[in-house]
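Listed below are the residues making up each chain.
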Amino acid sequence: MTTKCTLNRSILAVAAVLAWSGSAMAAEQKPEVQRLFQSGSYEQAVEAARDGDPASTYLAAQSLLKLNRDDQATAEMTRLRGNDQPSWRLIGESGEALIANDTGRAIDLARRAVEADGGNQFAHYQLGVSAAKASDWGTAVSALTKAIELKPDLAYAHYYAALAYQRQRLLSKTAEHFDAFLRLAPDAPERSAVVAILRTIK
C-alpha cells in the first residue's frame, strides 16, 4: 500500500512538472507586445497587450498613436492612471497630456514619474518623447539615454535619441543610435527613412 501511495505521489509530481513546463513554453511562445510594436504590427500589439501589465498597456497606447487613434490611445493612458504604482499613474497622466499637445504638463508629470521610480525605464522614455515634442533636445537625449541604460532593447528610445542628436547636429551619435534602432527593429516602418538618413551622414 505504501509503495502504491509513493508511486502515485511520484506520478502526480511528474505530471505537475510537465504541466508547469508546458505552461512555461506556452508563455514563451505568446507574441511579445514590444516585439510586435517595434515591427509595426500595431493591431497585433494592442491585442497582445489586452489585460497585460502596465508596460504592455503603455506600448498598446504607443501602437494606437502610430495608428492615429488618439482617443483609444488616451483611453489606454487613462487605464494606467488607475495603477497602484505612483510612477505608472504619472506616466499615464503625462501620456494623456502629451496626446492633448500640452507638452509642458507632459514633461512635468514625466519628471515626477522619474522621481517616483527612477528604475522605471518607461518613465524616462515618456520624459524623453515629451521633451522631444517640445524641442528640448538636451532633456530628450538625457532621458532617452537613461531609458536605454535601463532597457537596451527599447528600439524607439534609440530612434528618438537619434532624432534629438540630429537636431543638435551631433551626427556620429545620430548614426550610432540609428544603427542600434535598425539592429533592434529591422522590420520597423521607419526603416527605409532611417537608412536614407544614414546614407547622408556617414
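The sections below set out a description of the structure shown in this document. Every value quoted in this text rests on a predicted model; they were computed, and no experiment measured them.

**Side note on the overall build of the protein chain**
Item 1. Assigned secondary structure in the protein chain consists of twelve helices and zero strands.
Item 2. For the protein chain, the succession of helices and strands along the chain, N to C, is α-α-α-α-α-α-α-α-α-α-α-α.
Item 3. Buried residues in the protein chain amount to 43% of all 202 residues.
Item 4. Here the analysis covers contacts within the protein chain between residues at least 6 apart in sequence; of these, 48% occur between residues at least 24 apart.

**Points about the packing of aromatic side chains**
Item 1. Tallied over the entire structure, the rule returns 13 aromatic pairs.
Item 2. When the ring of Y125 is compared with that of Y160, the centres are 6.4 Å apart and the planes differ by 65°; the resulting orientation is edge-to-face. With a gap of 35 residues between them, Y125 in helix α8 (residues 121-133) and Y160 in helix α10 (residues 155-167) connect regions that are remote in the sequence.
Item 3. Feature note: the residues F37, Y42, Y58, W88, F122, Y125, Y156, Y159, Y160, F178 and F181 constitute an aromatic cluster, connected by ring pairs.

**Comments concerning the layout of surface pockets**
Item 1. If you add up the space inside the largest pocket, you get close to 480 Å³.
Item 2. What lines the largest pocket is a set of 20 residues, and nearest its centre among them are L65, L98, V129, K133 and Y160.
Item 3. Secondary structure elements with two or more residues in the lining of the largest pocket: α4 (54-66), α5 (70-81), α6 (86-99), α8 and α10.
Item 4. For the lining of the largest pocket, the residue count by class is twelve nonpolar, four polar and four charged.

**Overview of the side chain of S130**
Item 1. Following the sequence through the fold, S130 ends up in helix α8.
Item 2. At 2.7 Å, the side chain of S130 and the backbone oxygen of Q126 are in polar contact.
Item 3. Excluding residues that lie within four positions of it along the chain, S130 makes contacts with S94, L98, T103, A106 and I107.

**Some details on the pattern of salt bridges**
Item 1. One pass over the structure, following the stated rule, counts ten salt bridges.
Item 2. One salt bridge in this structure joins E149 and K146, with 3.0 Å as the shortest N-O distance. Residue E149 and its partner K146 are both found in helix α9 (residues 137-150); the two are separated by three residues, about one turn of the helix.
Item 3. Overall, the relative accessible area of 55% leaves E149 in the exposed class.
Item 4. Note that E176 and K173 form a salt bridge whose closest N and O atoms lie 3.4 Å from each other. With E176 and K173 both in helix α11 (residues 171-184), this residue pair falls three residues apart, about one helical turn.
Item 5. On the accessibility criterion, E176 (41% relative accessible area) is partly exposed.

**Description of unusual backbone geometry**
Item 1. In this structure, N101 takes a positive phi of about 65° despite not being glycine.
Item 2. By the element assignment, N101 lies in the loop between α6 and α7 (103-116).
Item 3. Residue S135 is not a glycine yet carries a positive backbone phi of 60°.
Item 4. The topology assignment puts S135 in the loop between α8 and α9.
Item 5. Take S135: its relative accessible area is 44%, and that puts it in the partly exposed class.

**Comments concerning the nonpolar core**
Item 1. With 59 residues, the main nonpolar core has Y58, I91, F122, Y125, Y156 and F181 as its most contacted residues.
Item 2. Beyond its immediate stretch of four places on either side in the chain, Y58 contacts M77, L80, W88, I91, F122, Y125 and Q126.

**Observations concerning the packing of α8 against α9**
Item 1. The interhelical angle for the contact between α8 and α9, taken along N-to-C directions, is 155°, at an axis separation of 7 Å. Judged by the angle between their axes, α8 and α9 are roughly antiparallel. Relative to α9, α8 is oriented so that their crossing is left-handed. On α9, the residues that touch Q121, H124, Y125, L127, G128, V129, A131 and A132 of α8 are W137, T139, A140, A143, L144, K146, A147 and L150.
Item 2. Looking at the contact of α8 with α9, its residues break down into eleven nonpolar, four polar and one charged.

What counts, and at which threshold
- Residues numbered from 1 in each chain as written.
- Predicted model: local features only at pLDDT ≥ 70, side-chain atom pairs only at ≥ 80, totals over all residues.
- Heavy atoms only, no water.
- Helix = DSSP H or I, 4+ residues; strand = E, 2+ residues; numbered from the N terminus.
- Buried < 20%, exposed > 50% of the residue type's maximum accessible area, 1.4 Å probe, protein only.
- Contact = heavy atoms within 4.5 Å.
- Phe/Tyr/Trp six-rings, centres within 6.5 Å; stacked < 30°, edge-to-face > 60°.
- 1 Å grid on protein atoms, 1.4 Å probe; cavity = no way out; pocket = protein on both sides within 12 Å on 5 of 7 lines; lining within 4 Å.
- Points joined across faces, edges and corners; volume = space filled by probe spheres on them.
- Nonpolar A, V, L, I, M, F, W, Y, C, P; charged D, E, K, R; others polar.
- Polar contact = N/O pair within 3.5 Å; in protein donor to acceptor, adjacent residues only side chain to side chain.
- Salt bridge = Lys/Arg side-chain N within 4 Å of Asp/Glu carboxyl O.
- Core = buried A, V, L, I, M, F, W, Y, C linked by side-chain atoms within 4.5 Å.
- Axes fitted to C-alpha atoms, helices over the stretch in contact; angles between N-to-C directions.
- Parallel < 35°, antiparallel > 145°, perpendicular 65-115°, else oblique.
- Left-handed = near helix turned anticlockwise from the far one by under 90°.

Functional significance is not addressed by these values, which are geometric in nature.
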